Amino acid sequence: GCVLLSGAVRCLSRPRGTAAWLPQNVVVHMTVASLAMRFPVPFTSASNAAKASIASVTMSMQLELGDSAIRIVDLQAADISTDFNARVVREQASDPQLNQRMGRAWQAIDHNMKNAPKPDLVARRIVRLVHENNPPPRVTVGATFQSLIAPMLFSLLPPRLRVWGLLFYYTI
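These lines cover the structure that appears in this document, whether it is placed above or below. (Residues numbered from 1 in each chain as written. Predicted model: local features only at pLDDT ≥ 70, side-chain atom pairs only at ≥ 80, totals over all residues. Heavy atoms only, no water.)

## Structural notes on the overall build of the chain
Argument step 1. When its secondary structure is counted, the chain shows six helices and four strands.
Argument step 2. Each helix and strand of the chain, placed in order from N terminus to C terminus, yields the pattern β-β-α-β-α-α-α-β-α-α.
Argument step 3. In the chain, buried positions account for 37% of the 172 residues.
Argument step 4. Long-range contacts, defined here as pairs at least 24 residues apart, represent 73% of the contacts in the chain between residues at least 6 apart.
Argument step 5. Approximately 10500 Å² of the chain is accessible, and the part contributed by carbon and sulfur atoms is 60%. (Helix = DSSP H or I, 4+ residues; strand = E, 2+ residues; numbered from the N terminus. Buried < 20%, exposed > 50% of the residue type's maximum accessible area, 1.4 Å probe, protein only. Contact = heavy atoms within 4.5 Å. Areas by Shrake-Rupley, 256 points an atom, 1.4 Å probe, with all protein chains shown as cover.)

Have a look at this one:
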């Protein structure tokens, strides 16, 4: 079999559901997105929403193809050290107080990215998943705190404390 990696949602316009567009010989379908769907990054709301939609479509595919030979994996990466942030347009707001918050958030984001693992960590995890007979439906990859500890803690916290935790994390 082969592997179908997807970072974008391509099945929304298909009339007969997911099974209609997947090739017959696919064994593992992996969407590679981000933990930003669970931990939104400030001032990147459109990107956060896109990642959340990828996770939702992936889960729908898991439900639709649950008893087939096709394995659907939602791979969610924590911060990975790439040049992505250097390419992001950082708009200025007309409100000086909002600009200060944005500046502090971007400083925290840049700091996290500089200390994040390299992309080869994600590549190695993908290779391991491809060779598993029954890969898990959702996998997180990245530094230990972001990929393991924070998701566990957030699952135990009420929404108000989640928001507080993110405000604290991004120093805003």
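Back to the text.
## A closer look at the pairing of strand β4 (residues 138-141)
Argument step 1. The two faces of β4 differ: Val139 and Val141 on one face are buried, but Arg138 and Thr140 on the other face are not.
Argument step 2. For strand β3 (residues 71-77) and β4, the ladder comprises four bridges, and the chain directions are parallel. Bridging from a neighbouring strand, alanine 77 pairs with valine 141 of β4. (Pairing = 2+ DSSP bridges.)

## Topic: the packing of aromatic side chains
Argument step 1. This structure, assessed with the given rule, holds four aromatic pairs.
Argument step 2. Measuring from centroid to centroid gives 6.5 Å for phenylalanine 145 and tyrosine 169, while their planes differ by 20°, and the two rings are stacked. A residue pair is termed long-range when its members are at least 10 positions apart, and phenylalanine 145 in helix α5 (residues 144-156) and tyrosine 169 in helix α6 (residues 159-169) qualify at 24 residues.
Argument step 3. In this structure phenylalanine 145 comes out as partly exposed when scored by relative accessible area, which is 42%. (Phe/Tyr/Trp six-rings, centres within 6.5 Å; stacked < 30°, edge-to-face > 60°.)

## Here's the deal with the side chain of aspartate 74
Argument step 1. Its place among the elements puts aspartate 74 in strand β3.
Argument step 2. A polar atom in the side chain of aspartate 74 sits 2.8 Å from the side chain of glutamine 76.
Argument step 3. Beyond its immediate sequence surroundings of up to four residues, aspartate 74 is in contact with Thr31, Ala55, Thr58, Gln62, Pro137, Arg138 and Val139. (Polar contact = N/O pair within 3.5 Å; in protein donor to acceptor, adjacent residues only side chain to side chain.)

## A few points about the nonpolar core
Argument step 1. By size, the foremost hydrophobic cluster in this structure holds 16 residues, and its most contacted members are Phe39, Val41, Ile109, Leu166 and Tyr170.
Argument step 2. Elements represented by at least two residues in this core include exactly α3 (96-114) and α5.
Argument step 3. When residues of this core are assigned to their parent elements, the largest contribution, six residues, is made by α3.
Argument step 4. Look past the residues within four positions of isoleucine 109 in its chain and what remains in contact with it is Val41, Pro42, Asn85 and Tyr170.
Argument step 5. Formed by 11 residues, the second largest nonpolar core is a distinct cluster that contains Met30, Ile126, Leu129 and Val141. (Core = buried A, V, L, I, M, F, W, Y, C linked by side-chain atoms within 4.5 Å.)

## Looking at α3
Argument step 1. For α3, built from 19 residues, the straight-helix expectation of 27 Å at 1.5 Å per residue is met to within 8% by its first-to-last C-alpha distance of 27 Å.
Argument step 2. When α3 is considered as a whole, its buried residues turn out to be Met102, Ala105, Trp106, Ala108, Ile109, Asn112 and Met113. Down the axis of α3, the smallest arc covering the buried residues is 160°, so these residues share one side. Seen from the open side of α3, the exposed residues pointing more than 90 degrees away from its buried face are Pro96, Gln97, Gln100, Gln107 and Lys114.
Argument step 3. The secondary structure elements touched by the buried residues of α3 are α2 (84-87), α5 and α6.
Argument step 4. For α3, the N-terminal cap is aspartate 95; the gap from its side-chain oxygen to the backbone nitrogen of glutamine 97 is 3.0 Å. (Expected span 1.5 Å × (residues − 1). Arc of directions from axis to C-beta.)

Shape descriptors only; they carry no functional weight alone.
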